[in-house]
Amino acid sequence: MHLTPEEQATGRRNFLRAVAGVPVLAGLGAASLARGPIAGGPVRIGYIGVGGEGRVLLGGTDPAYAHVVAMADINPAQLALADAVLEKGGHGKATHYAEWREMIQKEALEGIVIATPLWMHTEITIACLEAGLHVLCEKMMAWDIEGCERMRATARRTGKVLEIGYQRNYNTVYQAAHEGIVKAGVLGDVFMARLAWHRNGNWRRTGDPPAANYDPSKWGYPTWEHLLNWRLYKKYSRGLLAELASHQVNVSNWFFQAEPEAVIGTGGIYRFKDGREVDDHIYATFEYPGGRSAVFSTVESNAFERNYEVFYGTRGTLLLQGESEAYLFEEGAATPAAARPTGVEVQPKAGGPALSASESRAADAAGRAATGSAAGVNLDRLAAYRAEVSGFCSAVRTGAPLLCGPDRAIGSAIACITAVDAVAGKTRLPIRVGAAAQS
Amino acid sequence: MIATRGQGVALVVLRTLLGWHFLYEGYYKLVLPAWSPAGAPLAAWSAGGYLRGATGPLAPVFRTLAASGLAGWIDLAVPIALVLVGLSLILGLFTRRGCQGAVLLLALFYLAAIPLDGVPRPGAEGTYLLVNKTLVELAAAVVLLTSRTETIAGLDLLRGRRVRAAQRRDLVDQPKVNA
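The structure displayed is predicted, hence computed values, not measured ones.

Analysis parameters
- Residues numbered from 1 in each chain as written.
- Chains lettered and ligands numbered in written order.
- Predicted model: local features only at pLDDT ≥ 70, side-chain atom pairs only at ≥ 80, totals over all residues.
- Helix = DSSP H or I, 4+ residues; strand = E, 2+ residues; numbered from the N terminus.
- Buried ≥ 20, exposed ≤ 12 C-beta atoms within 10 Å, placed from the backbone.
- Pairing = 2+ DSSP bridges.
- Contact = placed C-beta atoms within 7 Å.
- Nonpolar A, V, L, I, M, F, W, Y, C, P; charged D, E, K, R; others polar.
- Core = buried A, V, L, I, M, F, W, Y, C linked by C-beta atoms within 7 Å.
- Domains from an automatic or database assignment.
- Expected span 1.5 Å × (residues − 1).
- pLDDT = per-residue confidence, 0-100.
- Axes fitted to C-alpha atoms, helices over the stretch in contact; angles between N-to-C directions.
- Parallel < 35°, antiparallel > 145°, perpendicular 65-115°, else oblique.
- Right-handed = clockwise from strand over helix to strand, strands pointing away.

**Section: the overall build of chain A**
Turning to step 1, where the next piece is worked out: In terms of regular secondary structure, chain A is built from twelve helices and 15 strands.
Turning to step 2, where the next piece is worked out: Within chain A, the fraction of its 439 residues that count as buried is 50%.

**Some details on the pairing of strand β10 (residues 281–288) of chain A**
Turning to step 1, where the next piece is worked out: Taking burial as the measure, the eight residues of β10 of chain A include six buried ones, the bulk of the element.
Turning to step 2, where the next piece is worked out: Adjacent in sequence and paired antiparallel, β10 of chain A and strand β11 (residues 292–299) of chain A are bridged by three residues, among which Gly-290 of chain A carries a positive phi angle near 80°.

**Remarks on the interface of chain B and chain A**
Turning to step 1, where the next piece is worked out: Tallying the contact residues gives twelve residues for chain B and 18 residues for chain A.
Turning to step 2, where the next piece is worked out: Tallied by class, the residues present in the side of chain B that touches chain A amount to ten nonpolar, two polar and no charged.
Turning to step 3, where the next piece is worked out: Two strands pair when backbone bridges link them, and strand β1 (residues 38–39) of chain A and strand β1 (residues 34–35) of chain B are joined in this way by two bridges, in the antiparallel orientation. Residue pairing across strands places Ile-38 of chain A opposite Trp-35 of chain B, the latter belonging to β1 of chain B.

**Considerations on the nonpolar core**
Turning to step 1, where the next piece is worked out: If you look at the biggest cluster of nonpolar residues, it comprises 123 residues, and the most contacted ones within it are Ile-112, Val-135, Met-141, Ala-245, Ala-413, Cys-416 and Ala-419 of chain A.
Turning to step 2, where the next piece is worked out: Sort the elements by how many residues they give to this core and helix α12 (residues 406–425) of chain A lands first, with eleven residues.
Turning to step 3, where the next piece is worked out: Looking at this core, you find at least three residues from each of domain 1 (5–21 + 169–209 + 224–379 + 406–437) and domain 2 (27–168) of chain A.
Turning to step 4, where the next piece is worked out: Those residues in contact with Met-141 of chain A, other than ones at most four positions away along the chain, are His-121, Cys-148, Met-151, Ile-164, Pro-406, Ala-409, Ile-410 and Ala-413 of chain A.
Turning to step 5, where the next piece is worked out: Of all hydrophobic cores here, the second largest spans 20 residues; its members include Ala-102, Ile-114, Ala-141 and Leu-144 of chain B.

**Section: helix α10 (residues 239–256) of chain A**
Residue and element names in this part refer to chain A.
Turning to step 1, where the next piece is worked out: For α10, built from 18 residues, the straight-helix expectation of 26 Å at 1.5 Å per residue is met to within 8% by its first-to-last C-alpha distance of 25 Å.
Turning to step 2, where the next piece is worked out: Of all 18 residues making up α10, 18 are buried, and the element is well covered by its neighbours.
Turning to step 3, where the next piece is worked out: The positive-phi residue at the C-terminal boundary of α10 is Gln-257, with phi of around 55°.

**Some remarks on the domain arrangement of chain A**
All names here are of chain A.
Turning to step 1, where the next piece is worked out: Split into domains, chain A comes out as domain 1 (5–21 + 169–209 + 224–379 + 406–437) and domain 2 (27–168).
Turning to step 2, where the next piece is worked out: Across the boundary between the two partners, domain 1 contributes 22 residues, which contact 19 residues of domain 2.
Turning to step 3, where the next piece is worked out: Residue assignment for the side of domain 1 that touches domain 2 shows that the elements contributing at least two residues are α10 and α12.
Turning to step 4, where the next piece is worked out: Per-element accounting of the side of domain 1 that touches domain 2 gives the leading share, seven residues, to α12.
Turning to step 5, where the next piece is worked out: Residue composition of the side of domain 1 that touches domain 2, grouped by class: 13 nonpolar, six polar and three charged.

**Topic: the confidence of the model for chain B**
Turning to step 1, where the next piece is worked out: Here chain B shows a mean pLDDT of 91. Residues at 70 or above account for 96%.
Turning to step 2, where the next piece is worked out: The ipTM, which scores confidence in the relative placement of chains, is 0.73 for this predicted complex, and the corresponding pTM is 0.82.

**A look at the sheet that holds strand β3 (residues 66–72) of chain A**
Sheets are built from strands that pair by backbone hydrogen bonding, the pairs being arranged parallel or antiparallel.
Residue and element names in this part refer to chain A.
Turning to step 1, where the next piece is worked out: In space, the six strands of this open sheet follow the order β4-β3-β2-β5-β6-β7, with parallel pairing throughout. The outermost strands of the open sheet, each flanked by one partner alone, are β4 (95–97) and β7 (162–165). Averaged over all pairs of adjacent strands, the angle between strand axes in this sheet comes to 25°, irrespective of strand direction.
Turning to step 2, where the next piece is worked out: As paired elements, strand β2 (residues 43–48) and strand β5 (residues 111–114) share four bridges and run parallel to each other. Across the sheet, Ile-48 pairs through a bridge with Ile-114, a residue of β5.
Turning to step 3, where the next piece is worked out: Across the sheet, helix α6 (residues 121–130) is in contact with β2, β5, β6 (134–138) and β7; its angle to β6 comes to roughly 165°.

**A closer look at the environment of Lys-106 of chain A**
Turning to step 1, where the next piece is worked out: Position of Lys-106 of chain A among the secondary structure elements: in helix α5 (residues 100–106).
Turning to step 2, where the next piece is worked out: Lys-106 of chain A sits 36 residues away from Ala-70 of chain A along the chain, and the two C-alpha atoms are 10.0 Å apart.

**Structural notes on α12 of chain A**
All names here are of chain A.
Turning to step 1, where the next piece is worked out: The end-to-end C-alpha distance of α12, which contains 20 residues, comes to 28 Å, matching closely the 28 Å that a straight helix rising 1.5 Å per residue would cover.
Turning to step 2, where the next piece is worked out: Within α12, 16 of the 20 residues are buried, which leaves it mostly tucked inside the rest of the structure.
Turning to step 3, where the next piece is worked out: Positive phi shows up at Lys-426, right after α12, with a value of about 45°.

**Digging into the packing of helix α7 (residues 145–158) of chain A against α12 of chain A**
Residue and element names in this part refer to chain A.
Turning to step 1, where the next piece is worked out: The interhelical angle for the contact between α7 and α12, taken along N-to-C directions, is 170°, at an axis separation of 9 Å. As the angle between them shows, α7 and α12 are arranged roughly antiparallel. For the pair α7 and α12, the contacting residues are Ile-145, Cys-148, Met-151, Arg-152 and Ala-155 in the first and Pro-406, Ile-410, Ala-413, Ile-414 and Ile-417 in the second.
Turning to step 2, where the next piece is worked out: For the contact of α7 with α12, the residue count by class is nine nonpolar, no polar and one charged.

**Quick notes on the pairing of β3 of chain A**
Residue and element names in this part refer to chain A.
Turning to step 1, where the next piece is worked out: Counted residue by residue, β3 has six buried out of seven residues, so it is predominantly covered.
Turning to step 2, where the next piece is worked out: Here six bridges tie β2 to β3, and the two strands are oriented parallel to one another. Residue pairing for β3: Arg-44 is matched across the bridge by His-67.
Turning to step 3, where the next piece is worked out: Handedness of the crossover is the feature at issue here: the chain leaves β2, passes through helix α3 (residues 52–59), returns alongside β3, and the resulting connection is right-handed.
Turning to step 4, where the next piece is worked out: Pairing of β3 with β4 involves three bridges; the strand directions are parallel. Residue pairing in the sheet places Met-71 in a bridge with His-96 of β4.

Spelled out as structure tokens, the structure:
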């Protein structure tokens, strides 16, 4: 979403006023009745899947929280790249495996981080939980609803930690926006949210196999192309709804404190007719209780809008852009840039500021170069990944509460899986009511 | 000599509180590395930083210790000594030795960081000149050492009865020289 520099400055200033004094929630949420230190060093973890997303998480792994003992990936080239990430992060060497089952059998691990193609999430997560390991699984939770429910049931039965990797839950911008604006009622009644993730490029990746005779067929990928571009094939992926929308639906579920009851979808493969099986343009409206809707769109043909979530209320509008920028506008002002008086009492900074200035990020989530901000609402979005991995380790070691456990993550997953079918049929489908509450 | 019952009770309470402080300080250092209840990792404890930051006339000695091969031994010995002193004072067992250990440890801690500048130090919760909480605790330990609280309460009372009973048995069993 494009704003003038004046609108940006005003929006940032309004946001900071509204959230002033809201403590960063991670620390508060971890409060516990227990006192005194809890014995144990860094959590001994293994990584399964160290491709692009896995390496982002690996780079966000603090050695004080986790000792990366081993890594498994069917692509040896990814393991070599992951070694460099480990070294840069101040970690020691980790043992390499091609087979994740061999890794969890041979290594004395406590936790696993899973960042594999979507279709493997359920099988690996359940096997790790059954082996007595705690699991941080990348989003989306699973390829199908049944897989999500099996994962949650296994975590409950084994008593092990299961966290799903929606890093926005660990992002201080989102935490402050929820506590200081949405929950505080600054927006008034919100009936509509707009979720957009627009890009102008081909999702198809290019690259050489790790060796001329590399054969991934024994892992379920008939060719190197199927492994390299697993996101484009229905067997492995749920397309843009899983990879992009599920992040944003997770936010609308969080901010609406509800799950959608139905979804209307349409879309198709309109631009890249290159043999891919998943859509490159998708439009879906998620209907929430109380007449509220979240309207999602993703296009692969124009990046003007980039990616954002907007919550339109009767008294104000909240814009969260690129996982790192936040703006608040008063509804009904003469111009969008008009300043509004804050509706939130500014409290002393005893708990520390909710936000602090940072221009450290090089690009936002849409890949666009970050722009400067005198008001300083921009945050290093990679910090959310670091907080996510550290939060997982804290949960393992101390029982600190999860910010995105299966009960929260399953709502977004079920909505987006249902949306895949709605888009395919260009129709409206009901979403299983109370999905998150079911056992 | 204990003048009143209240004085005796107060001294035993003081001994117990001092003992708990020692015991928990030692336990905490031994259990590290660990995690805070809020979920933050806590690094392993080392006396190195304290010794390297020593002030006062004995500072060179402490800094030499920190740089010596004894550093690892000190990291283990200090928490164990704290735990033993703490248990001794709480239980009233080998109380005199416990009080002596407390005085020795507190004297070392005080000498390593004598507050000479009289301004707040980073991380400290108060402002001190010569007299700080360590010195006050040291004085309390000296009071306990000289008050013989093991004669008021504690396992030393039981130990003393057993020793005296054994001594009486020895006297009875001795052969009569003039018989």
